[in-house]
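Each chain is listed here by its residues.
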Amino acid sequence: MPNSNSELRCKITLVISLLKEQKFDLVIQKAVELGVYQIVPLQLKRCVSVLTRTKAEQKVLRWQNIAKAAAKQSNRNLIPIVTPVVFDLKQL
């Protein structure tokens, strides 16, 4: 049963560039376990992992499921938000 005091008092947003698939999955899992409120994936010019917009939508759904599972495992009261991939820094 989740503890009502299991959430951090401040809301932390993690903005991270795309990594290779398994590494990014692990970052999401560990960030959620540490208490991150929101995760913003960022497609940069020199990223190793390059996604199209349609593929990015599928990945965001996968990452949201990973966040949900990690939140459940760590007894979080809320499931962190994984935003759509930002392709242009001007969108931030």
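Residues numbered from 1 in each chain as written. Predicted model: local features only at pLDDT ≥ 70, side-chain atom pairs only at ≥ 80, totals over all residues. Heavy atoms only, no water.

- As annotated in an unreviewed UniProt entry, the protein carries the name Ribosomal RNA small subunit methyltransferase E and is attributed to Spiroplasma ixodetis.
- In its Subcellular location (unreviewed entry) section, UniProt records this for the protein: "Cytoplasm".
- The Function (unreviewed entry) comment attached to the protein in UniProt states, word for word, "Specifically methylates the N3 position of the uracil ring of uridine 1498 (m3U1498) in 16S rRNA. Acts on the fully assembled 30S ribosomal subunit." (UniProt positions renumbered as here; feature names shortened; annotations may be inferred.)

## Describing the overall build of the protein
Argument step 1. Looking only at helices and strands, the protein has two helices and three strands in total.
Argument step 2. The order of α-helices and β-strands along the protein, N terminus first, is β-α-β-α-β.
Argument step 3. Relative to the globule expectation of 12 Å for 92 residues, the C-alpha radius of gyration of the protein, 13 Å, shows essentially globular dimensions.
Argument step 4. Expressed along its principal axes, the backbone C-alpha trace of the protein runs to roughly 40 × 25 × 20 Å.
Argument step 5. For the protein, the residues scored as buried account for 34% of the 92 residues in total.
Argument step 6. Restricting to contacts in the protein with at least 6 residues of sequence separation, those with at least 24 account for 72%.
Argument step 7. The positive charge centre, built from 15 side chains, and the negative charge centre, built from 6, are 3 Å apart in the protein. (Helix = DSSP H or I, 4+ residues; strand = E, 2+ residues; numbered from the N terminus. Rg over C-alpha atoms; globule rule 2.2 N^0.38 Å. Buried < 20%, exposed > 50% of the residue type's maximum accessible area, 1.4 Å probe, protein only. Contact = heavy atoms within 4.5 Å. Lys, Arg positive; Asp, Glu negative; His and termini not counted. Charge placed at Lys NZ, Arg CZ, Asp CG, Glu CD.)

## A short note on the environment of R9
Argument step 1. Topologically, R9 is positioned in the segment before β1 (13-17).
Argument step 2. Residue classification places R9 among the exposed positions, given a relative accessible area of 88%.
Argument step 3. Separated by 18 residues in the primary sequence, R9 and V27 have C-alpha atoms spaced 22 Å apart.

## A word on the packing of aromatic side chains
Argument step 1. With the rule as written, the count across this model stands at one aromatic pair.
Argument step 2. Considering the side-chain rings of F24 and W63, the 4.5 Å spacing of their centres and the 50° angle between planes classify their relative orientation as tilted. Linking F24 in helix α1 (residues 21-34) with W63 in helix α2 (residues 53-73), this pair joins segments that are 39 residues apart in sequence. Taken as a pair, F24 and W63 share a single burial class, namely buried. (Phe/Tyr/Trp six-rings, centres within 6.5 Å; stacked < 30°, edge-to-face > 60°.)

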